[in-house]
Amino acid sequence: MRLLHTRQGTFEWFDSPTDVPYAIISCDTVSNLDLLVPGNAFAYQDILRFQSLPSTVVEDTHTLLPHLSSAIRDACKVVSSAGYDYVWLESCCVDKNSHVEVSEAFDCMWEWYSSAQVCYAYLPDVDPEDVPKTSDSQFRRSKWHEDIRTLPALIAPRNVVFLARDWSVLGTKNTLARVLEEVAGVDQTILKGEQSVHDASVARRMWWASKRRSARGEDLVPSLLGLFGVKSASLGPEPSSRTFARLQEEVFRATQDYSIFAWHYHLGHEHPDCLFAPSPCCFARSGDVKSIPIRDLAARLRLAPDALSMGSTSTMLSSAKLSVRVPLIPHQIASFPPTSALYEVFGVAARFSHVAILPCEDAQGRLNVLTLNPASDPGALLTGNEYFVRAVETTLGQCDRTWSYDPVLYLDAVRLQDVHILRRPLRSPWAVPQSGSPAAGERPPLSLHESSRARLKAQGYDVHYEASRRELVDDLYERGHRARRFVDVQCFTVSPANPPAREDSSRCIIVEVTTRRHRLAPMSIDHVVVRQTRLGESLTLDATALVPNSSRSLEAKYTLLSVIDSAVGRVLYLSLSRSPSDPAVHVLEIDLYQTTEESDTQADVSPRVADGDIAERDVGFEAGSRKNGRVADVFPRLPSIRGWTSRSR
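Everything quoted here is computed from the prediction, not taken from an experiment.

### Concerning the packing of aromatic side chains
At step 1: A complete count under the given rule lists 12 aromatic pairs for this structure.
At step 2: Aromatic pair tryptophan 88 and tryptophan 112: ring centres 5.4 Å apart, planes at 65°, arrangement edge-to-face. Here tryptophan 88 is found in strand S4 (residues 86–88), whereas its partner tryptophan 112 is found in helix H3 (residues 99–115), with 24 residues between them in sequence. With respect to class, tryptophan 88 is no different from tryptophan 112; both count as buried.
At step 3: Taking the centre distance of 5.0 Å and the plane angle of 55° together, the rings of phenylalanine 252 and phenylalanine 261 count as tilted.
At step 4: A relative accessible area of 1% means that phenylalanine 252 is categorised as buried.
At step 5: It is arginine 212 that lies over the ring of tryptophan 144; its NZ or CZ is 5.9 Å from the centre.
At step 6: It is arginine 401 that lies over the ring of tryptophan 263; its NZ or CZ is 3.8 Å from the centre.

The following block contains the structure:
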């Protein structure tokens, strides 16, 4: 390895990292600090040019090493004052123009970090007066904790010292272990060296990586090689989009840890491989998953100890499929009675999917499972044991491919089966809606009842229908890809047909029904929004009452502000139901009733948002309840979109 002499400012080569004591400087790539960050080839070339000059040992490294950047001079000064003659910095100690040297550095980086006497983590975004243990400290918010390249620097070295902006000491890995566990997720026992990093499950180590991001896509896999004990040569010359999948393949071959399959469907990514995750962020909810011995799994499922061969030589992984023997709960209807707990978790879609049980569990001791569907390719040579992992929609409003549950109710249905899990793209059960309004002659999926339209017309109102497409963007995930979901917005605008000249012609009532098409259902109603516009303002109203209805349709009552005259109020009734003649079509009824008492006019009016800012209010079927909720009791619902922002398209 190549080290930088802290007082001469020159390189020296050592065959082994144990030949000489040295320190390492770690800095995040997001801060882009001078020439200290990795990936800058100029520092290496400058030092080589200086090395051809006569070497002189200097005492003041801050002023007498002009060929180094100010940040590297400061780093050398700190390391030299600690008694070390050599320091390793990725920014200048690796020749970025040499592919061989870069590959070797990737493979040896974990060893170099672990062999260093000390690693100095420089945090330029933290003031020296900061107190890391406080809940709102700059230390907790430092970009160093968000960079994937700093993960090896946190775990591998025995000693880590954190430095503030002025290179003063903030604390060490041991003294700040509790804070680091809260920020980075890495267990205190691992940080303190009481437990090996390889004792943590693969899913948990991937969870550590899911909390970080890479400034460059090519930084991801090299930063994880040492964490899983994989060499870069085993990954082969794969394109960058495939290297993370190849990394997971090698990790599984080396560890036989099935928690690597316990990743979750992520809306922000394409999923070209249903078996392996496209990005570490898919493990963001897998931090509590741990592997269990095969014999323990067999005992919990009341199987013979030697019946399961998972993890043995019979498990075969190729670029096309995974061949393995797994405990399987088939999709027989008898296995999923509507009153069962599993039906509540998996919903109707699970009655068409098999459940494969993995030898891993969550923090509550529930086993992890995958939902499998039989493969059916016309013309393909299939044996009948081919499956692929699919994402299913549940009655709990979740879309995912892996779940945790206790199969104690289904032990009689468990059977061992040799399966071939094909590595196909992971399909979402949601279909992308068509943009724009329905084509001419096409019946819209949501229509206004003719009797309702006639009643409104008799009262002097026109109804305008418009369908649009809206994009929901998940702001909780900003790791390379932003999660996106598309919905249809069916908008019905009720406005006066001939408003008097003295009235504001812009006054109207807007009913928005947000829907999304499902591959297994004609349409899913997510939520209903009622807004009233008057005098240029847009007010979102809450339902003042939810009316019970024996036909299981949704009925809601809204008290509106006066529409025509200040002494006359209006009460809006909505009714939403499926068409008896066509299950694929839903019927909306809108009725306006006049109330003459001023107290009734103003009662229960709950405008929430003004100035055109749309707030989405959910309406649920709950007799006599004033509390807003989902419409899942009447219609299939979407996954929760709390935390999502809407963008019109």
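### So, the sheet that holds strand S2 (residues 11–13)
At step 1: Reading across from one edge, S2-S1-S4-S3-S5-S6-S7 is the order of the seven strands in this open sheet, with mixed pairing throughout. Since the sheet does not close on itself, it has two edges, and those belong to S2 and strand S7 (169–172), each with one partner. For this sheet, the mean angle separating the axes of adjacent strands, direction not counted, is 35°.
At step 2: As paired elements, strand S1 (residues 2–5) and S2 share three bridges and run antiparallel to each other. When the bridges of S2 are listed, leucine 4 appears paired with phenylalanine 11.

### Observations regarding the pairing of strand S11 (residues 354–361)
At step 1: In terms of burial, S11 is largely enclosed, as eight of its eight residues are buried.
At step 2: Where burial is concerned, the two faces of S11 agree: the one with His354, Ala356, Leu358 and Cys360 and the one with Val355, Ile357, Pro359 and Glu361 are both buried.
At step 3: Bridge count between strand S8 (residues 290–291) and S11: two bridges; the pairing is antiparallel. In the sheet register, lysine 290 faces S11, and the bridge partner there is glutamate 361.
At step 4: Two strands pair when backbone bridges link them, and strand S10 (residues 321–329) and S11 are joined in this way by two bridges, in the antiparallel orientation. Bridge pairing in S11 places isoleucine 329 opposite valine 355.

### Thoughts on the environment of phenylalanine 492
At step 1: Take phenylalanine 492: it is sitting in strand S20 (residues 481–496).
At step 2: Counting along the chain gives 20 residues from phenylalanine 492 to glutamate 512, while the straight-line C-alpha distance between them is 6.4 Å.
At step 3: Those residues within four positions of phenylalanine 492 in sequence are excluded, and the remaining contacts are Leu446, Ser447, Leu448, Val463, His464, Tyr465, Ile509, Ile510, Val511, Leu588 and Ile590.

### A closer look at unusual backbone geometry
At step 1: In the Ramachandran plot, tryptophan 167 falls in the positive-phi region, its phi being about 70° despite a non-glycine side chain.
At step 2: Looking at the element boundaries, tryptophan 167 is found in the loop between strand S6 (160–163) and S7.
At step 3: For arginine 302, which is not glycine, the phi torsion reads 60° and is therefore positive.
At step 4: Topologically, arginine 302 is positioned in the loop between helix H10 (294–300) and strand S9 (316–317).
At step 5: A residue is classified by how much of its surface remains accessible, and arginine 302, at 66% relative accessible area, is exposed.

### Here we look at the side chain of serine 452
At step 1: Inspection of the secondary structure assignment puts serine 452 in helix H12 (residues 450–458).
At step 2: A polar atom in the side chain of serine 452 sits 2.4 Å from the backbone oxygen of isoleucine 590.
At step 3: Dropping the residues within four chain positions of it, serine 452 is found in contact with Glu589, Ile590 and Asp591.

### What to know about the nonpolar core
At step 1: Grouped together as the largest cluster of nonpolar side chains are 115 residues, with contacts concentrated most on Leu4, Trp88, Ile155, Phe162, Trp208, Leu224 and Phe261.
At step 2: If you tally residues by element for this core, the top one is H3, at seven residues.
At step 3: Setting aside chain neighbours within four positions, we find isoleucine 155 in contact with Trp110, Lys173, Val186, Ile190, Val197, Trp208 and Leu227.
At step 4: Counting residues in hydrophobic clusters, the runner-up holds 24 residues, among them Leu446, Ala556, Leu576 and Leu588.

### A closer look at the packing of H3 against helix H8 (residues 220–228)
At step 1: Closest axis-to-axis distance for the H3/H8 pair is 8 Å, and the angle between their directions is 50°. On the basis of their axis angle, the class for H3 and H8 is oblique. Crossing angle aside, the handedness with which H3 passes H8 is right-handed. On H8, the residues touching Phe106, Asp107 and Trp110 of H3 are Pro222, Leu225, Gly226 and Leu227.

### Considering the side chain of aspartate 219
At step 1: Here aspartate 219 lies in the loop between helix H7 (202–210) and H8.
At step 2: We classify aspartate 219 as buried; its relative accessible area is 4%.

### So, the confidence of the model for the chain
At step 1: Taken as a whole, the chain shows an average pLDDT of 75; of its residues, 67% reach a score of 70 or greater.
At step 2: By mean pLDDT, the top-scoring element of the chain is S6 (96), and the lowest-scoring one is strand S28 (residues 644–648) (35).
At step 3: Note on residues 333–350: pLDDT under 50 across the span, and 44 contacts to partners over four residues away in sequence or across chains.
At step 4: Confidence drops under pLDDT 50 across residues 597–649; counting only partners more than four residues distant or on other chains, this segment forms 160 contacts.

### A few points about the pattern of salt bridges
Side chains carrying opposite charge are able to pair once their charged atoms draw close together.
At step 1: In the structure shown here, the tally under the stated rule is 22 salt bridges.
At step 2: Across the salt bridge formed by glutamate 249 and arginine 253, the nearest N and O atoms sit 3.8 Å from each other. Here glutamate 249 pairs with arginine 253, and both are found in helix H9 (residues 240–255), just four residues apart, close to one helical turn.
At step 3: Between arginine 253 and glutamate 250 there is a salt bridge whose closest N-O contact spans 3.1 Å. On the criterion of helical spacing, the pair formed by arginine 253 and glutamate 250 is a turn pair, its members being three residues apart in helix H9.
At step 4: Among the charged side chains, a network of salt bridges with common partners joins Arg242, Arg246, Glu249, Glu250, Arg253, Asp273 and Arg423.

Reading the values: the criteria
- Residues numbered from 1 in each chain as written.
- Predicted model: local features only at pLDDT ≥ 70, side-chain atom pairs only at ≥ 80, totals over all residues.
- Heavy atoms only, no water.
- Phe/Tyr/Trp six-rings, centres within 6.5 Å; stacked < 30°, edge-to-face > 60°.
- Helix = DSSP H or I, 4+ residues; strand = E, 2+ residues; numbered from the N terminus.
- Buried < 20%, exposed > 50% of the residue type's maximum accessible area, 1.4 Å probe, protein only.
- Lys NZ or Arg CZ within 6 Å of the ring centre and 35° of its normal.
- Pairing = 2+ DSSP bridges.
- Axes fitted to C-alpha atoms, helices over the stretch in contact; angles between N-to-C directions.
- Contact = heavy atoms within 4.5 Å.
- Polar contact = N/O pair within 3.5 Å; in protein donor to acceptor, adjacent residues only side chain to side chain.
- Core = buried A, V, L, I, M, F, W, Y, C linked by side-chain atoms within 4.5 Å.
- Parallel < 35°, antiparallel > 145°, perpendicular 65-115°, else oblique.
- Left-handed = near helix turned anticlockwise from the far one by under 90°.
- pLDDT = per-residue confidence, 0-100.
- Salt bridge = Lys/Arg side-chain N within 4 Å of Asp/Glu carboxyl O.

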